[in-house]
Amino acid sequence: MNPFSEYPQYDALGLAQLVQSGEVSAGELLKAAQTRLAEFNPLLYAVVTPMEELAESLVKNLGKRGPFTGVPFLVKDLMLRFAGVTMSNGCVAMKNYRPTTDSEMAARLNASGLITFGKTNTSELGASALAKNAVFGSTLNPWDLRLNSGGSSGGSAAAVAARIVPMAYASDGGGSIRLPASYCGIFGFKPSRGLNRFEDLSKAWGGAVVSHVCTISVRDSAAYLDLVAGNTGQAAANPALTSYLYATTQPPKRLKIALINLAPVETPIHRDCLSAAAKAAKHCEALGHVVEEAVWNFDGRELMRAFLTVIFYYTARDVANMAQWLALTEPELAIELNTRLMAGIGKGVRDEQLQQALAVWQRIAGRLADFHSRYDVVLTPTVATPPLASDALDPNVLEQWLMRGLLASGLTDKLFSNSMLNAIITKAAQQTPFTPLANITGQPAMSVPLYWSDDGLPHGVQFMAATGNDRLLFQLAAQLEQAEPWKHKMPPLCQ
């Protein structure tokens, strides 16, 4: 066996087992990953910041520390501080910003045995559903280089799809793990809020944001959740009965699944996305589960108004924080037009309006808890569109003119209102009408790659469970993975 030529066929736990058995060294795996990076990154623009010095240090000081010992790893370039490494957050203003200390999450990753060797592309401040920014440009989709990989974790998703790494760090505030996972044909899991013990994102978008990984395999995702949830030291060959990894070895009970094809707001759903959900429903029925068509039990427009209110408010805060870090005034910041307008509008969100929006979140979370008293799992399309071109969401010339005029007027903070929110909901939910719900409620959700359309593009399907039922989703995902394997489905470009 030549583990180097077969590197793309292994998941992260499989590579770690090679290192632990002595069949291959961590340095050899890193070289294999860097070879694929050199071959495919010039086409994809997935990795934007090399971290070779850190990687060499991690290899040199490696011990047999945990389930991912020696595995090459990439991290998303968004709010994750590694000492001395650029943290641009997708912003021109921060392209030279280098934190002086590691965040706790970075320190934990360094201590885990993972070999981090680069940062991946994202949208500016993670706010767009496409992986695109003015610093590094667009990350392209390995299934079709005319299209974008999806945002905001598109760099990580594209790198995993291209098998540069089997697993990459990502984050999700409204679908930013699940959307690019769908577009890139890989597995994307968003855990329940608060499971990660080592990363405090409770203040990011009002608690909507969680970090996790996008992966080739279900078991890698589960083992990583064990790692960050504090279930450390678990061996892949003999996982603890209470671990998420162990859940992947056990079939779920007979589930009652609600199939919902209507978006919470009036978003058109592409036929391929609907076909993906229909095929997933048939797979679930073939596995013995009960699937029923259902409808949402809440007001989708109220949901989106509340979600956008929180995003605007926190974008204003993020921009203010950026100015403070860089010792600049906000007008001096080199940020994108959309971000500047969002921050301006966000300044008009009063504290009581923010609290009212968060109260809507809590109320809808209660409605979904009632829904899950009748259904174990909700099945939807992950996204409403196939992968889009990188310029698909750009404002047109007239929109840009209007945006600049509003900013010049100094009155953007006066724009915030329910009528303004209603006016932008359709565009805001064009791709992702389904995914924000799990961020709002704190539920676990996952995008599973079960469908490729006739044009060769992947279309993920989303499954959601009640808060805390992450193990149930991993059980179902592993069952689907065994029945309809996807690991061998690699973009032709990257084979």
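Residues numbered from 1 in each chain as written. Predicted model: local features only at pLDDT ≥ 70, side-chain atom pairs only at ≥ 80, totals over all residues. Heavy atoms only, no water.

An unreviewed UniProt entry lists the protein under the name Amidase domain-containing protein, from Methylomonas koyamae. The UniProt entry for the protein carries the following comment under Sequence similarities (unreviewed entry): "Belongs to the amidase family." (UniProt positions renumbered as here; feature names shortened; annotations may be inferred.)

Engineer: Would you take a moment to explain the overall build of the protein for this structure?
Structural biologist: Regarding its fold elements, the protein presents 16 helices and 15 strands. The C-alpha radius of gyration of the protein comes to 21 Å, within 12% of the 23 Å expected for a compact globule of 495 residues. Within the protein, the proportion of its 495 residues that are buried is 61%. Excluding contacts between residues fewer than 6 apart, the proportion of contacts in the protein whose partners are at least 24 apart in sequence is 78%. For the protein, the separation between the mean place of its 41 positive charges and that of its 42 negative charges on side chains is 2 Å. (Helix = DSSP H or I, 4+ residues; strand = E, 2+ residues; numbered from the N terminus. Rg over C-alpha atoms; globule rule 2.2 N^0.38 Å. Buried < 20%, exposed > 50% of the residue type's maximum accessible area, 1.4 Å probe, protein only. Contact = heavy atoms within 4.5 Å. Lys, Arg positive; Asp, Glu negative; His and termini not counted. Charge placed at Lys NZ, Arg CZ, Asp CG, Glu CD.)

Engineer: What is the right way to look at the nonpolar core in this model?
Structural biologist: Within soluble globular proteins, side chains that are nonpolar tend to cluster in buried spots. Counting 98 residues, the largest nonpolar core has Phe 68, Leu 109, Tyr 224 and Phe 463 as its most contacted members. If one sorts the elements of this core by residue count, helix H7 (residues 218–229) sits on top with eight residues. Within the second largest apolar cluster, 55 residues are counted, among which are Leu 130, Tyr 314, Val 349 and Ala 445. (Core = buried A, V, L, I, M, F, W, Y, C linked by side-chain atoms within 4.5 Å.)

Engineer: Looking at this model, I keep getting lost on the packing of helix H10 (residues 300–326) against helix H14 (residues 418–428). Mind explaining?
Structural biologist: What describes two packed helices is the angle between their axes and the distance between those same axes. Where H10 meets H14, the closest approach of the two axes is 9 Å, and the angle between their N-to-C directions is 100 degrees. The orientation of H10 relative to H14 falls into the category roughly perpendicular. Two secondary-structure elements touch here, H10 through Arg 301, Met 304, Arg 305, Leu 308, Thr 309 and Phe 312 and H14 through Asn 418, Met 420, Leu 421, Asn 422, Ile 424, Ile 425, Thr 426 and Ala 428. Classifying every residue of the contact of H10 with H14 gives eight nonpolar, four polar and two charged. (Axes fitted to C-alpha atoms, helices over the stretch in contact; angles between N-to-C directions. Parallel < 35°, antiparallel > 145°, perpendicular 65-115°, else oblique. Nonpolar A, V, L, I, M, F, W, Y, C, P; charged D, E, K, R; others polar.)

Engineer: How do you make sense of helix H1 (residues 12–21) when you look at a structure like this?
Structural biologist: An α-helical segment advances 3.6 residues per turn. Residues three or four places apart therefore align on the same side. H1 sits mainly inside the fold: seven of its 10 residues count as buried. Considered for burial, the residues of H1 that qualify are Ala 12, Leu 13, Gly 14, Leu 15, Ala 16, Leu 18 and Val 19. Two residues or fewer past H1, Gly 22 is found with a positive phi of approximately 85 degrees.

Engineer: It is not clear to me how the packing of H10 against helix H11 (residues 337–346) should be interpreted in this structure. Could you clarify?
Structural biologist: The contact between H10 and H11 brings their axes to 7 Å, and the two run at 110 degrees. In this view, H10 runs roughly perpendicular relative to H11, as classed from their interaxial angle. Contact with H10, carried on its side by Ile 311, Phe 312, Tyr 313, Thr 315, Ala 316 and Val 319, involves Thr 339, Met 342, Ala 343, Ile 345 and Gly 346 of H11 and no other residues of that element.

Engineer: Explanation requested: unusual backbone geometry in the structure shown.
Structural biologist: Glycine aside, a negative phi is what most residues show, and trans is what most peptide bonds show. Cis geometry is found at the peptide bond from Gly 151 to Ser 152, where omega equals 5 degrees. Even without a glycine there, the phi angle at Met 79 is positive, about 55 degrees. As for its position among the elements, Met 79 is in the loop between strand E2 (72–76) and helix H4 (104–111). In this structure, Arg 163 takes a positive phi of about 60 degrees despite not being glycine. Under the relative-accessibility criterion, Arg 163 is labelled buried at 3%.

Engineer: Honestly, a nonpolar patch on the surface in this entry has me stumped. Any pointers?
Structural biologist: Taken together, the side chains of Leu 43, Leu 145 and Leu 493 present a nonpolar region at the surface, about 200 Å² in accessible area. In this structure, Leu 145 sits in strand E7 (residues 144–148). (Patch = residues over 30% accessible without salt bridge, like charges linked within 9 Å, V, L, I, M, F, W, Y side chains within 5 Å. Areas by Shrake-Rupley, 256 points an atom, 1.4 Å probe, with all protein chains shown as cover. Salt bridge = Lys/Arg side-chain N within 4 Å of Asp/Glu carboxyl O.)

Engineer: Looking at this structure, how should I read the pairing of E7?
Structural biologist: In regular strands, side chains alternate between the two faces of the sheet. In this sheet, E7 lies alongside strand E6 (residues 140–141) in antiparallel orientation, the contact comprising two bridges. Pairing of Asn 141 across the sheet is with Asp 144, part of E7. Here E6 folds back onto E7 in antiparallel fashion, the turn holding two residues. (Pairing = 2+ DSSP bridges.)

Engineer: For this particular structure, what's the right way to read the pattern of salt bridges?
Structural biologist: Tallying each qualifying case throughout the model produces 13 salt bridges. Two residues, Arg 178 and Asp 172, come together in a salt bridge whose shortest N-O distance is 2.9 Å. The partner of Lys 253 in a salt bridge is Asp 376, with the nearest N and O atoms 3.2 Å apart. Placement of the pair is Lys 253 in the loop between helix H8 (244–247) and strand E11 (256–259) and Asp 376 in the loop between helix H12 (351–371) and strand E13 (377–381), with a sequence separation of 123 residues. You can call Lys 253 exposed: its relative accessible area is 52%.

Engineer: Hey, could you run me through the side chain of Thr 309 in this one?
Structural biologist: Note that Thr 309 resides in helix H10. Exposure remark for Thr 309: the relative accessible area of 5% places this residue in the buried category. Sequence-distant contacts of Thr 309, defined by excluding residues within four places in its chain, comprise Val 349, Gln 353, Ala 357, Phe 416 and Leu 421.

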